[in-house]
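Summary of structural features
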Amino acid sequence: MTDGSGTGGCECGATPGPLGECVDYYHAILAEEQADPEMYRWHTVVVCAYLLQHPARAYDKYLDGQFRLLQLYLDKGLDALLRVAAHQVARNRHGSRPGYDMAPLAEYAPLPRGGSPGPFRAGFCGLPFRDGSIVPDGYPAYGRRMESIAEATVESWRTLTA
Ligand SMILES: [Zn+2]
């Protein structure tokens, strides 16, 4: 696990923003969305994109499912992702089998091998942070930014298969 501190750069290759490195934005999002159900709708996108841009912070065995979840989101939209994510949570709560149910994700490309493919065209350090909020200009704008980050994440990982 590397957090990049002292080495002058985040694992993803992004330049820190006013709030700090990606991890600072990530924690700000997680804190803010806890109190904001509308913002929380993008929670799975946030987590998957953050971990895929910073795989040293992730559990290897879950990254493949997270990569596929992002592809499903880009392919079918947020509502479809929420249905699949809710299904995963319910399934894990029953404690039968940990990890992702791959059935709804089987049609999507597996995670390429080969480590982090950064830098990414869009990342967390580029998010606006004004008046103490990561959502200073409304949910549609926030959603578009999350979609851009998801697209950039999948796009860079796909370069590893080329
Ligand atoms: Zn980063």
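Cut-offs and rules
Residues numbered from 1 in each chain as written. Predicted model: local features only at pLDDT ≥ 70, side-chain atom pairs only at ≥ 80, totals over all residues. Helix = DSSP H or I, 4+ residues; strand = E, 2+ residues; numbered from the N terminus. Buried ≥ 20, exposed ≤ 12 C-beta atoms within 10 Å, placed from the backbone. pLDDT = per-residue confidence, 0-100. Contact = placed C-beta atoms within 7 Å. Axes fitted to C-alpha atoms, helices over the stretch in contact; angles between N-to-C directions. Left-handed = near helix turned anticlockwise from the far one by under 90°. Nonpolar A, V, L, I, M, F, W, Y, C, P; charged D, E, K, R; others polar. Expected span 1.5 Å × (residues − 1).

1. Quick word on the environment of Arg130
By the secondary structure assignment, Arg130 is in the loop between helix 5 (78–93) and helix 6 (139–158). When the 10 C-beta atoms within 10 Å are taken as the criterion, Arg130 is described as exposed. Each C-alpha atom of the pair Arg130 and Leu74 lies 27 Å from the other, and the pair is 56 residues apart in sequence.

2. Describing the confidence of the model for the chain
Per-residue pLDDT for the chain averages 90, and the proportion of residues at 70 or more is 92%. This model gives residues 1–6 a pLDDT under 50, and the stretch forms nine contacts once residues within four places in sequence are excluded.

3. Section: the packing of helix 3 (residues 43–53) against helix 6
Look at helix 3 against helix 6: their axes get within 10 Å of each other, and the N-to-C directions meet at 35 degrees. In this structure, the crossing between helix 3 and helix 6 has a hand that is left-handed. Across from Val45, Val46, Ala49, Leu52 and Gln53 in helix 3, the residues of helix 6 making contact are Met146, Ile149, Ala150, Thr153 and Trp157. Class assignment of the residues belonging to the contact of helix 3 with helix 6 gives a composition of eight nonpolar, two polar and no charged.

4. Digging into helix 4 (residues 60–76)
One turn of an α-helix holds 3.6 residues; hence residues three or four places apart share an orientation. Over its 17 residues, helix 4 extends 25 Å from the first C-alpha to the last, a length consistent with the 24 Å expected when each residue adds 1.5 Å. Buried-residue contacts for helix 4 involve helix 3, helix 5 and helix 6. Just past helix 4, the residue Gly77 takes up positive phi, approximately 95 degrees.

5. Remarks on unusual backbone geometry
In this model, Gly118 is joined to Pro119 through a cis peptide bond whose omega is 5 degrees. Turning to its location among the elements, Pro119 is positioned in the loop between helix 5 and helix 6. Positive phi, close to 50 degrees, is recorded for Asp131, a residue that is not glycine. With respect to the helices and strands, the residue Asp131 is situated in the loop between helix 5 and helix 6. A tally of 5 C-beta atoms within 10 Å means that Asp131 is categorised as exposed.

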